[in-house]
Amino acid sequence: MSMLLQQFVVGVLVIACALFAAWRLSSARLRLRALEALGTLPVLRSAAWLAALRGRTLAGLGGACGGCAQGTASAPKASHPRHR
């Protein structure tokens, strides 16, 4: 019984990690479409966490691709002279 439980827990963790990675790597448009699809389910229609996640996703749309922080411009790094 313990081996079966261990395999179940590992399976759940792998699926959760795969979903998290897919969420983080997906575009904002795809995230919003996924949230809209989840919002059509009667059980999740009034979920507060779904509305909060949608709000955070919409707030992140202002920063171009979302790969860097909003409002910060990366300055080029100063090159160091070679040591001779």
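Keep in mind it's a predicted model, so treat the numbers as computed, not measured.

Further remarks concern the overall build of the protein chain. When helices and strands are tallied, the protein chain shows three helices and zero strands. The order of helices and strands in the protein chain, counted from the N terminus, is α-α-α. In the protein chain, which comprises 84 residues, the proportion classed as buried is 12%. For the protein chain, the accessible area works out to roughly 7,600 Å², and carbon and sulfur atoms hold 66% of it.

Among the nonpolar cores identified, the biggest contains five residues, and these are Leu35, Leu44, Ala47, Leu50 and Leu53. Aside from chain neighbours lying at most four places away, what touches Leu44 is Leu38, Trp49 and Leu50.

With that settled, the discussion passes to the layout of surface pockets. Space inside the second largest pocket adds up to approximately 160 Å³. What lines the second largest pocket is simply Leu19, Phe20, Ala22, Trp23, Ser26, Leu30 and Ala34. Those elements that provide at least two residues to the lining of the second largest pocket are α1 (2–25) and α2 (28–39).

Okay, α1 next. Taking 1.5 Å per residue as the helical rise, α1 with its 24 residues ought to reach 34 Å, and the 35 Å between its terminal C-alpha atoms agrees with that figure. In terms of residue burial, α1 counts as a barely covered element, since only zero of its 24 residues are buried.

A few words now on the side chain of Arg31. Residue placement: Arg31 occurs in helix α2. An unpaired buried charge is present at Arg31: no salt bridge exists, and Glu36, the closest side chain of opposite charge, is 13 Å distant. A distance of 2.9 Å separates the side chain of Arg31 from the backbone oxygen of Trp23, its partner in a polar contact. Contact partners of Arg31, with chain neighbours within four places excluded, come to Trp23, Arg24, Ser26 and Thr57.

Now for the confidence of the model for the protein chain. A residue-level look at the protein chain finds 73% of positions with pLDDT of 70 or above and a mean pLDDT of 82. Here helix α3 (residues 48–59) stands out as the element of the protein chain with the lowest mean pLDDT, 89, in contrast to α1, whose mean of 95 is the highest.

Where nonpolar side chains cluster on the molecular surface, the patch consists of Leu5, Phe8, Val9, Val12 and Leu13 and spans about 490 Å² of accessible area. Considering the arrangement of structural elements, one finds Val9 in helix α1.

Analysis parameters
- Residues numbered from 1 in each chain as written.
- Predicted model: local features only at pLDDT ≥ 70, side-chain atom pairs only at ≥ 80, totals over all residues.
- Heavy atoms only, no water.
- Helix = DSSP H or I, 4+ residues; strand = E, 2+ residues; numbered from the N terminus.
- Buried < 20%, exposed > 50% of the residue type's maximum accessible area, 1.4 Å probe, protein only.
- Areas by Shrake-Rupley, 256 points an atom, 1.4 Å probe, with all protein chains shown as cover.
- Core = buried A, V, L, I, M, F, W, Y, C linked by side-chain atoms within 4.5 Å.
- Contact = heavy atoms within 4.5 Å.
- 1 Å grid on protein atoms, 1.4 Å probe; cavity = no way out; pocket = protein on both sides within 12 Å on 5 of 7 lines; lining within 4 Å.
- Points joined across faces, edges and corners; volume = space filled by probe spheres on them.
- Expected span 1.5 Å × (residues − 1).
- Lys, Arg positive; Asp, Glu negative; His and termini not counted.
- Salt bridge = Lys/Arg side-chain N within 4 Å of Asp/Glu carboxyl O.
- Polar contact = N/O pair within 3.5 Å; in protein donor to acceptor, adjacent residues only side chain to side chain.
- pLDDT = per-residue confidence, 0-100.
- Patch = residues over 30% accessible without salt bridge, like charges linked within 9 Å, V, L, I, M, F, W, Y side chains within 5 Å.

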